[in-house]
Amino acid sequence: MKRNNKKIMYKIIIVLIIVSSILSVVFAALSTTLTVNVGNLTQIATKWNISVSSTSAINNYGSSGTGRDCGTISTSNNVVTVTATTLSKPGDLCEYSITFTNGNSTMNAKLDSLTATAPSGNTCTYTTFSSCTSGNTCQYKMVCGNITYTLSSNESGTSAPTNLASFTGGTTTSKTVYLRVEFTGSSPSESAITQTNPKFTVVYAQN
């Protein structure tokens, strides 16, 4: 009887050894590190590149040149600035053409914000439109005393620059707006009014 029990025990031990060996092999197979080799991986640069491509003075209006001196326009990093401008009477107007181009843009872009900055030492009131990113400002007009600055999609200054609201990536597109600086007081000033460095800052984001 004891001899039979020993045989049974030996058989159980042999079975356990075999099972243990099998489990060791399975575990080794499951724990083998999987190595993936990747060849050349190219990441295509994606960006939007909306910038001012050209500016020019197009109109210089007024009943006479006396008391009117239109400043020059400059741009840097999508900030449009007008140097010292002098106006003195109804009808005085300085107007500029500004062209934005998407250049080497591979992504759709939308107008994120458009912010007007008052001329040095002046207090202004602002008019906005709704094409900017939600929560951001789209100021296209500011009235600073007797002088009004308007960034418009037409030369007459009657329309907000909604054409700047978006640019399509993958194609070169240019859009022109007009900056009007005009005397909007009801009567001539006793002396000419000079205002310096009003600005419009245009910011784009991914659409």
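Definitions and cut-offs
Every chain is numbered on its own, with residues counted from 1 as its sequence reads. Local features in this predicted model are restricted to residues of pLDDT 70 or higher, and side-chain atom pairs are both shown and tallied only at a pLDDT of 80 or more, whereas totals for entire chains, interfaces and linings draw on every residue. Each side-chain value is worked out from all heavy atoms of the structure, with water and hydrogens disregarded. The definition used for a disulfide is geometric: two cysteine sulfur atoms within 2.5 Å. In this text, helices come from DSSP runs of H or I with a minimum length of four residues, and strands from runs of E with a minimum of two, each type numbered from the N-terminal end. Partly exposed residues are those whose accessible area sits between 20% and 50% of the maximum for their type, while under 20% is buried and over 50% is exposed, using a 1.4 Å probe and protein chains only. Strands pair, by our definition, only if DSSP identifies at least two bridges between them. Nitrogen and oxygen atoms within 3.5 Å of one another constitute a polar contact, given that in protein one can donate a hydrogen and the other can accept it, and given that sequence-neighbouring residues count only through two side-chain atoms. Residues count as neighbours in contact if any of their non-hydrogen atoms are within 4.5 Å of one another. Definition used for salt bridges: Asp or Glu carboxyl oxygen within 4 Å of a side-chain nitrogen of Lys or Arg.

Visitor: An account of the state of the cysteines is requested, with residue identities and associated values reported.
Guide: Disulfides are covalent bonds that link the sulfur atoms of two cysteine residues. Overall, the coordinates contain three disulfides when judged by the stated rule. Here cysteine 124 connects covalently by a disulfide to cysteine 144, the sulfurs 2.0 Å from one another. Taking the sign of the S-S torsion, about 105 degrees here, the bridge from cysteine 124 to cysteine 144 comes out right-handed. Linking cysteine 124 in the loop between β6 (109–117) and β7 (125–128) with cysteine 144 in strand β8 (residues 139–144), this pair joins segments that are 20 residues apart in sequence. The disulfide partner of cysteine 132 is cysteine 138, and the S-S distance across this bridge is 2.0 Å. Taking the torsion about the S-S bond as the criterion, the cysteine 132 to cysteine 138 disulfide, at about 80 degrees, is right-handed. Overall, cysteine 132 belongs to the buried group, its relative accessible area being 11%. We classify cysteine 138 as buried; its relative accessible area is 1%.

Visitor: Could you give an account of the pairing of strand β13 (residues 199–206), with specific residues and numbers?
Guide: Bridge analysis of strand β3 (residues 79–82) against β13 gives three bridges, and the strand direction is antiparallel. By the bridge assignment for β13, threonine 81 is matched with lysine 199.

Visitor: Run through the side chain of threonine 86, naming residues and quoting values.
Guide: Among the secondary structure elements, threonine 86 is positioned in strand β4 (residues 85–87). Given a relative accessible area of 15%, threonine 86 falls into the buried group. Here threonine 194 takes part through its side chain, which lies 2.6 Å from a polar atom of the side chain of threonine 86. In this structure threonine 86 touches Gly67, Arg68, Asp69, Ala192, Ile193 and Thr194, once residues within four positions along its chain are discounted.

Visitor: Can you tell me about unusual backbone geometry, naming the residues and giving the values?
Guide: The backbone phi angle of asparagine 77 is positive, close to 55 degrees, even though this residue is not glycine. Within the fold, asparagine 77 resides in the loop between β2 (73–76) and β3. Positive phi values are uncommon outside glycine, yet asparagine 78 reaches one of about 65 degrees. For asparagine 78, the location among the structural elements is in the loop between β2 and β3.

Visitor: An account of the pattern of salt bridges is needed here, citing residue identities and associated values.
Guide: The final tally for this structure, using the stated rule, is four salt bridges. Residue lysine 89 pairs with aspartate 92 through a salt bridge whose shortest N-O separation is 3.1 Å. Lysine 89 gets classed as buried once you look at its relative accessible area, which sits at 12%. Taking relative accessible area as the criterion, aspartate 92 reaches 1% and is therefore assigned buried. When the shortest N-O distance is used, the salt bridge between arginine 180 and glutamate 95 registers 3.8 Å. Of this pair, arginine 180 sits in strand β11 (residues 174–183) while glutamate 95 is found in strand β5 (residues 93–101), placing the two residues 85 residues apart along the sequence.

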